[in-house]
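Topology and contacts: notes
The chain contents come next:
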Amino acid sequence: MSLPQEDDLLSPSLEAAPERSSSPPWPLSRQLWVAFLGGTLAVTGLAYLNSRRLNAGRRVCLNILAVGAAALLITLAVDLLMGAYLQSEATPVAAPLARYANRAVALVAYLVLGRMQRSADRIYRFQGGEYDPGWVDLTGITIGLGGLQFVLTLIVLSLVIL
C-alpha cells in the first residue's frame, strides 16, 4: 500500500522562508498593553504593522483590518448607547462603564488579532528572528491612535448629547 504524493502530512511545512522585512517585528504579547491602554484602533494599527513585518501575507493583513474595523464599530456603538443612557439618566455611572466596555472590546480584538498573527510569528521565531523591543514605537502608536479613538468617541458622544 502506497501513500498518495499530495498528502499534506508528508510535505515539509517550511519549504521556502519568506523574505524578512527590513525592521524586526514586535512580540505579540506587547499588543496586550497597547490594546488595554490605547484601545481598538491602536491594537489594530499595531497588529497590521506587525503582520507586515512578519510577512504574514496579504489575506492576513486584510483580515486584521476587517477585525479592527468591526471592533471599532462595536466600540463606537457602545459609546453611542452609553451616550444615550447618559442623556436619559443623570448618573455618573455610564462614563466608566463605557471605558470598561471599550477596553473589553479592545482586549477581545487583541485575542483575535494575536491568533491571526500566530503562525507567522511561529515561523519567524523558528527561523531565529530577533524581536524589536520598540518601546518608543509602541508608545507612539498607543498615544497617537488611542488619542484618535478618544476624539472619535468624543464626536460620537457629542452627536448623541446634542
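Residues numbered from 1 in each chain as written. Predicted model: local features only at pLDDT ≥ 70, side-chain atom pairs only at ≥ 80, totals over all residues. Heavy atoms only, no water.

A few words on the overall build of the protein. Summing up its helical and strand segments, the protein has five helices and zero strands in all. Walking the protein from its N terminus toward its C terminus, one meets helices and strands in the order α-α-α-α-α. The 162 residues of the protein split such that 36% are buried. Counting contacts in the protein only where the partners sit at least 6 residues apart, residues at least 24 apart contribute 79% of the total. Accessible area of the protein: about 10,200 Å², with a carbon and sulfur share of 65%. (Helix = DSSP H or I, 4+ residues; strand = E, 2+ residues; numbered from the N terminus. Buried < 20%, exposed > 50% of the residue type's maximum accessible area, 1.4 Å probe, protein only. Contact = heavy atoms within 4.5 Å. Areas by Shrake-Rupley, 256 points an atom, 1.4 Å probe, with all protein chains shown as cover.)

In this section: the packing of aromatic side chains. Under the definition given, this model contains one aromatic pair. Pairing Tyr-124 with Tyr-131 gives two aromatic rings, centres 5.5 Å apart and planes at 55°, and the pair type is tilted. With relative accessibility at 9%, the residue Tyr-124 sits in the buried group. Residue Tyr-131 is classed as partly exposed on the basis of its relative accessible area of 26%. (Phe/Tyr/Trp six-rings, centres within 6.5 Å; stacked < 30°, edge-to-face > 60°.)

For soluble globular proteins, nonpolar side chains are generally found buried alongside one another. Ala-35, Val-43, Ala-47, Ile-64, Ala-71, Val-105, Ala-106, Ala-109, Tyr-110 and Leu-113 form the largest nonpolar core, which has 10 residues in total. Within the residue set of this core, elements represented by two or more residues are helix H2 (40-53), helix H3 (58-88) and helix H4 (94-126). Counting residues per element, this core draws most heavily on H4, which supplies five residues. Setting aside residues no more than four positions away along its own chain, Ala-106 makes contact with Ala-35, Gly-39, Thr-40 and Val-43. (Core = buried A, V, L, I, M, F, W, Y, C linked by side-chain atoms within 4.5 Å.)

Taken as a whole and judged by the stated rule, the model has two salt bridges. With its nearest N and O atoms 3.4 Å apart, the salt bridge here joins Arg-125 to Asp-121. Of the two residues, Arg-125 and Asp-121 both sit in helix H4, four residues apart, roughly one turn of that helix. You can call Arg-125 partly exposed: its relative accessible area is 47%. (Salt bridge = Lys/Arg side-chain N within 4 Å of Asp/Glu carboxyl O.)

As a further point, take unusual backbone geometry. Note on backbone geometry: most residues besides glycine have negative phi, and most peptide bonds are trans. Positive phi, normally seen in glycine, also occurs at Asn-55, with a value near 55°. Summarising the element assignment, Asn-55 is placed in the loop between H2 and H3.

Turning next to helix H1 (residues 30-38). Taken together, the buried positions of H1 are occupied by Arg-30, Gln-31, Val-34, Ala-35 and Gly-38. Viewed along the axis of H1, the buried residues span an arc of 140°, placing them on a single side of the element. Across from the buried face of H1, at angles greater than 90 degrees, the exposed residues are Trp-33 and Leu-37. (Arc of directions from axis to C-beta.)

Packing of H1 against H2 leaves a shortest axis separation of 7 Å and a crossing angle of 155°. With respect to H2, the axis of H1 lies roughly antiparallel. In this structure, H1 uses Gln-31, Val-34, Ala-35 and Gly-38 to contact H2, whose residues at the interface are Thr-40, Ala-42, Val-43, Leu-46, Ala-47 and Asn-50. (Axes fitted to C-alpha atoms, helices over the stretch in contact; angles between N-to-C directions. Parallel < 35°, antiparallel > 145°, perpendicular 65-115°, else oblique.)

With that out of the way, let us pick up H2. Here H2 contains 14 residues, and its C-alpha end-to-end distance of 20 Å stays within 8% of the 20 Å for a straight helix at 1.5 Å per residue. Taking burial as the measure, the 14 residues of H2 include 11 buried ones, the bulk of the element. The set of residues buried in H2 consists of Thr-40, Leu-41, Ala-42, Val-43, Thr-44, Gly-45, Leu-46, Ala-47, Asn-50, Ser-51 and Arg-53. At the C-terminal side of H2, Asn-55 shows a positive phi close to 55°. (Expected span 1.5 Å × (residues − 1).)

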